[in-house]
Structure formats: structure tokens, C-alpha cells
Amino acid sequence: MNIIVTGGAGFIGSHLCDKLLSLGHHVICVDNLGSGTYENIRHLDKNKRFTFIRHNVIDPLKLIEGRIHQIYHLASRASPVDYQEYPVETALANSVGTDRMIKLALSKNATILFASTSEAYGEPKVHPQKEGYWGNVNPVGVRSCYDESKRFGEALMMAYHRQYDVDIKIVRIFNTYGPRMRKDDGRVIPNFITQCMKDDPITIYGDGKQTRSFCYVVDLIEGLIKMMDSKEFGPKNLGNPNEMTIIEVADLIKEMTHSDSKLIFKSLPLDDPTKRQPDISEAREFLDWHPKVEFRDGLKKTIEWFRKNGI
Ligand code: UDP
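What comes next is a walk through the structure.

Reading guide: rules and limits
Residues numbered from 1 in each chain as written. Predicted model: local features only at pLDDT ≥ 70, side-chain atom pairs only at ≥ 80, totals over all residues. Heavy atoms only, no water. Helix = DSSP H or I, 4+ residues; strand = E, 2+ residues; numbered from the N terminus. Buried < 20%, exposed > 50% of the residue type's maximum accessible area, 1.4 Å probe, protein only. Expected span 1.5 Å × (residues − 1). Core = buried A, V, L, I, M, F, W, Y, C linked by side-chain atoms within 4.5 Å. Contact = heavy atoms within 4.5 Å. Near = heavy atom within 4 Å. Polar contact = N/O pair within 3.5 Å; in protein donor to acceptor, adjacent residues only side chain to side chain. Areas by Shrake-Rupley, 256 points an atom, 1.4 Å probe, with all protein chains shown as cover. Axes fitted to C-alpha atoms, helices over the stretch in contact; angles between N-to-C directions. Parallel < 35°, antiparallel > 145°, perpendicular 65-115°, else oblique. Left-handed = near helix turned anticlockwise from the far one by under 90°. Nonpolar A, V, L, I, M, F, W, Y, C, P; charged D, E, K, R; others polar.

1. Side note on unusual backbone geometry
With an omega dihedral of -10°, the bond running from His127 to Pro128 counts as a cis peptide bond. Turning to its location among the elements, Pro128 is positioned in the loop between strand S5 (111-117) and helix H5 (144-164). The step from Gly234 to Pro235 runs through a cis peptide bond, and the omega angle for that step is 0°. Among the secondary structure elements, Pro235 is positioned in the loop between helix H7 (217-228) and strand S11 (236-238). Not every positive phi belongs to a glycine, and His258 is a case in point at roughly 50°. Looking at His258, the relative accessible area reads 70%, which means it is exposed. Phi angles above zero are rare outside glycine, and Asp271 is one such case at about 60°.

Structure follows, in C-alpha cells:
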């Protein structure tokens, strides 16, 4: 198949390009290299089935010739530090950018998958979060450029589906980690790994009792592809239900890197959710998917990758 991956030079997108190519598909990667990097896809340079188009999904995309079968629309900054620095671009990538990609899907009769987020649940009052929960989001908060644009992206997908019968898929991606995360992207796993490797203080925001549930990127990619190839339109949660406090994450990374780093406590960023855990019973039942990689095993691979790539 001919498959477009927007955000294909990003952390998750580049792993998805690799996997789709290994399955024999042709991949067109669309990325403006805002938060993604060319390094993530340099190894695909010579692959004849891989095309890279440097482009911001907010802008009109020039005509893409020929048949397109599938579009994975992943393009958006996803790190809170990052998207709060570029709130307008983030809000537009998930709204205007999504509109452009759905129109492309419509014109090509392609299936489109939209990468939404666990942030759609905001500060959740239901735990763990099921797809039927409508969420508790601050519409004007510092995270709203991301949360609300992802929610709007979901609504737009449903609107096109209802009005024009576009073949859509919506997934809500929970915290994901692995090789190719940017070491300076501000998220918890790259921060803690780089701090531990340099024996710098580990920055715990708030009291560190807030929870997250971390999914290894290889598991997530399998879930994305299963969703795309299914009859479901979603939304479907994709993530690993293995919930931990941030202090537990810090202690584990410290142990695994044999670090002498001390924990230091900093103020909690605004609207930082206190808990987050996916209920993945729908993905289990309808996609026959569940994550398989243990946190320790995934962390080991991630730490090795950070070591090799110059921390
Ligand atoms: N966090 C932290 N120290 C850091 C980076 C993040 O304590 O150096 C916390 C952050 O406040 C949040 C959690 O770790 O509660 C996950 O943050 P991340 O930015 O990775 O993603 P989020 O799940 O908030 O989108």
C-alpha cells in the first residue's frame, strides 16, 4: 500500500515508518521537522519505497500523485514543554492540519487514523480512563492548545465520517517512551535518563505522587497498525496500564543507570494531571492488542539508546 505518515520524522512516527516499510509498504513521510528530526529517518534515505516531504500540515499540501491507501496523522508537538512554547502551531496542526489530511483522505478514498491523546481526558475524574469518559479539560489552560485541539480533531474526524462517510480511526495514545525521544524534549523519561547519566539532580515536579502509565513504543506501533487495519473507528485507548508514581519512575531509572543523582522537588506545572491510566479492555477485545514489553525491559533499551547517542 501507499501510506502517508504525518509527523513521520518524530519519535513515534519514525518507528511507524520503519515498521510499515518492513511490511513492504511505500511510505510518504510528511514532517516540518518542528519537533521531529531528520536523524530519526536518515537511515531510510536510500530506501526506494520511502519519500520524505518537508512540510507543515497547517499549510496546503501540494498534489500527491497516485493512489493513497492510508494516512496516519500524527503530526503535532506532544511534549508539554514543547507545545506550551508553540501553542498556536500545536492548536493548528491538530485542527487545520487534521482538516487538510481528512480532505486528502476523502479525495483519495483513503483510510485516515488520527493520533489523539490521553490528554483528551484532562484531569480525569474516572480512573482508569475508559473511552466512554468525556474528560475534564480546562478549555483555556496552558495545555488547552494541545488537549482541546486533539478533542476538536476527534470531533472533526467524526463530522467527516458522519457527513461524507470518510473511513476514520481515532486512537488516544497514552504516555509512550523509547529510543528516539529527544533528550531535551522536556518529558519525564528523557529528563530522568539524561539527569541520571550525568549524575545531575532528578527534577521531580510537585510531590512526585502523580501517576502515569508508560507504554514502550514498539507495543504502541503494533496497536496503531492493528487499529488502522481493523473495522473499528474508535476512539480506542492505546497504552500500557502499568501505572506508577513519578517518584517510582525516578527511583527505577536511578537504579538502572547506577546513578548517584539526588531527587530535587520543583513546583508542579499548571494543569498537570494527578493520575492517568488507560483502560484498554476495548483494544484487547476489538483489536486483539495488548502491550507486551515490561517497563524495565523497555527502559533498558531506551537507556542503551541514549548512551549510544551521546548523553
Ligand atoms: N515530570 C517531572 N519531572 C520532569 C519532567 C516531568 O516530575 O523532569 C512529571 C510531570 O510533572 C508529569 C509527569 O512527570 O506529572 C509526566 O510528564 P511528561 O511531561 O512526560 O508528560 P505528561 O504526561 O504530563 O503529558
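2. Regarding helix H1 (residues 11-22)
Counting along an α-helix, one turn takes 3.6 residues, and residues three or four places apart therefore face a common direction. The terminal C-alpha atoms of H1 lie 17 Å apart, and with 12 residues this matches the ideal 16 Å at 1.5 Å per residue to within 8%. Listing the buried residues of H1 in full gives Phe11, Ile12, Gly13, Ser14, His15, Leu16, Cys17, Leu20 and Leu21. Looking one or two residues past H1, Gly24 carries a phi angle of roughly 95°, positive in sign.

3. Overview of the nonpolar core
Looking at soluble globular proteins, one finds that nonpolar side chains tend to be buried together. One finds Ile12, Leu16, Tyr72, Ile189, Leu224 and Phe295 to be the most contacted residues of the largest nonpolar core, which totals 55 residues. Ranked by residues supplied to this core, first place goes to H7 with seven residues. When near neighbours in sequence (up to four residues on either side) are disregarded, Leu224 contacts Ile12, Leu16, Tyr72, Leu113, Val171, Ile173 and Leu238.

4. Concerning the site of the ligand
The local shell around the ligand holds 18 residues, among which Asn191, Thr203, Arg212, Asp272 and Arg276 are the closest. Within the contact set of the ligand, an oxygen atom lies 2.8 Å away from a backbone nitrogen or oxygen of Tyr205. One of the side-chain N or O atoms of Asp272 is found 2.6 Å from an oxygen atom in the ligand. Isolated, the ligand exposes 520 Å² of accessible area, and the fraction of that covered by the protein chains is 96%. Elements that contribute at least two residues to the shell around the ligand include exactly helix H6 (188-197) and strand S8 (202-205).

5. Section: the packing of H6 against helix H10 (residues 295-308)
Two numbers describe how H6 lies on H10: the axes approach to 11 Å, and their chain directions differ by 60°. Of the possible angle classes, the one that applies to H6 and H10 is oblique. In the crossing of H6 with H10, the sense of the turn from one axis to the other is right-handed. In this structure, H6 contributes Ile189, Pro190, Ile193, Thr194 and Met197 to the contact, and H10 contributes Phe295, Leu299, Thr302, Ile303, Phe306 and Arg307. Residues that form the contact of H6 with H10 fall into these classes: eight nonpolar, two polar and one charged.

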